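Each chain, letter by letter, is given below.
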Amino acid sequence: MNTEELLKLKQRALEELQAAGAPAALEELRVKYLGRRGLLAEIMQGVKNADPAERPLLGRVANEFKNELGRRVDQRRRELQQTDVKIAPCDWTLPGRWPRQGTRHPISIVIEEVTAIFAAMGFTVADGPDMETAYYNFDALNTPDDHPARDPQDTFWLADGRLLRTQTSPVQIRVMETQPPPVRIIAPGRVYRRDTTDATHSANFHQVEGLYVDRGVSMADLKNDITCFARRMMGADVKVRFRPHFFPFTEPSVEYDFSCHVCGGRGCRVCKNSGWIEISGAGLVHPQVFAKVNYDYEQYTGYAFGLGVERIAMIKYGIHDIRALYANDLRFLEQIRP
Ligand code: PHE
């Protein structure tokens, strides 16, 4: 064997070393090259019998080969032992880590449920923009120029004269403008008010608007349909109460309450000890509103109602602070299932 062949063999040995991924393979390699009857022992024997002129160089190269490989084998062994230590404590019988699964947000759950209940009563879903004009949010809803709701203290006005809708009622107008009666729609969506946030108020919250227009629609229909809805949503034992109120776009107007589901009407923090939760307002559509959309108010009547989604979520799931609905804390959200 000459020097060149010897260097090639060394190269191959180092490559095999790099490939040895486990202690057993490394030991096999050590025996093959460095063992008592290994290749290097044989080569050393060959050096003794080599041409005297070549012997010193050949001897030096062979020695370097042996020493370097010996060093590298030791080093590799230490490396493999270290990885061994890391792998050893793993218990393959342990259950795996499951990826966290998302859940539907309580607001979405309530809106979907409200939609399903009214769909069963013949209502379809309508929609309108969050950025509204004063016409749809106020004028067409018979709300006079000096009405306090128009005050910048109560409404978020945009620089271009539009506003963030303070109610879903503008969708009533948008729907009636585009279709003749009869109409039976609900319109879920976000609304915005300049309210200071506390346990029961938020500057943006959700409503579902309802509108039913046909010949002969009366207050009795309104009371019946709201009560039907309440029973399906909250359970058969819920009580509904209507109180006289005023809205510019309904006449007569009411506010309506559900009995508090959290305490069963006995009084608690959520219902502020009254036993009732105010859900929203409702009433019979004002003839002035029909006039704005060219509906014949001699022939048609209708009812409209709002519905506070957060309020329903709070009593249905016993949530004591409206802010919990916006904090995106999974520990809270995961507890609420349809
Ligand atoms: N838009 C009213 C509110 O936000 C509720 C309402 C809707 C009242 C429909 C009457 C008719 O308070």
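See the structure shown above.
Procedures and definitions
- Residues numbered from 1 in each chain as written.
- Predicted model: local features only at pLDDT ≥ 70, side-chain atom pairs only at ≥ 80, totals over all residues.
- Heavy atoms only, no water.
- Buried < 20%, exposed > 50% of the residue type's maximum accessible area, 1.4 Å probe, protein only.
- Helix = DSSP H or I, 4+ residues; strand = E, 2+ residues; numbered from the N terminus.
- Pairing = 2+ DSSP bridges.
- Phe/Tyr/Trp six-rings, centres within 6.5 Å; stacked < 30°, edge-to-face > 60°.
- Lys NZ or Arg CZ within 6 Å of the ring centre and 35° of its normal.
- Lys, Arg positive; Asp, Glu negative; His and termini not counted.
- Salt bridge = Lys/Arg side-chain N within 4 Å of Asp/Glu carboxyl O.
- Contact = heavy atoms within 4.5 Å.

Draft legend 1. Looking closely at the pairing of strand E8 (residues 276-285). In terms of residue burial, E8 counts as a mostly covered element, since eight of its ten residues are buried. By the bridge criterion, eight bridges tie strand E7 (residues 250-259) to E8 in an arrangement that is antiparallel. Among the inter-strand pairings, serine 259 is bridged to a residue of E8, identified as tryptophan 276. Pairing analysis gives three bridges linking E8 to strand E9 (residues 301-305), with the strands arranged antiparallel. Bridging from a neighbouring strand, glycine 283 pairs with alanine 304 of E9.

Draft legend 2. Fine view of the pairing of strand E4 (residues 183-192). With eight of ten residues buried, E4 is to be regarded as a mostly interior element. Here E4 runs beside strand E5 (residues 204-214); their pairing, made up of ten bridges, is antiparallel. By the bridge assignment, arginine 190 is partnered in E5 with histidine 206.

Draft legend 3. Expanded view of the packing of aromatic side chains. Throughout the structure, instances matching the rule amount to 14 aromatic pairs. Above the ring of tyrosine 136, the side-chain terminus of arginine 174 is found at 4.0 Å from the ring centroid. If you follow arginine 184 out to its NZ or CZ, it ends over the ring of tyrosine 212, 4.5 Å from the centre.

Draft legend 4. Just the side chain of aspartate 225, in detail. Counting through the fold element by element, aspartate 225 comes out in helix H8 (residues 219-234). Although buried, aspartate 225 forms no salt bridge, and the nearest oppositely charged side chain, arginine 184, lies 5.7 Å from it. For aspartate 225, the residues in contact, after removing those within four places along its chain, are Met121 and Tyr303.

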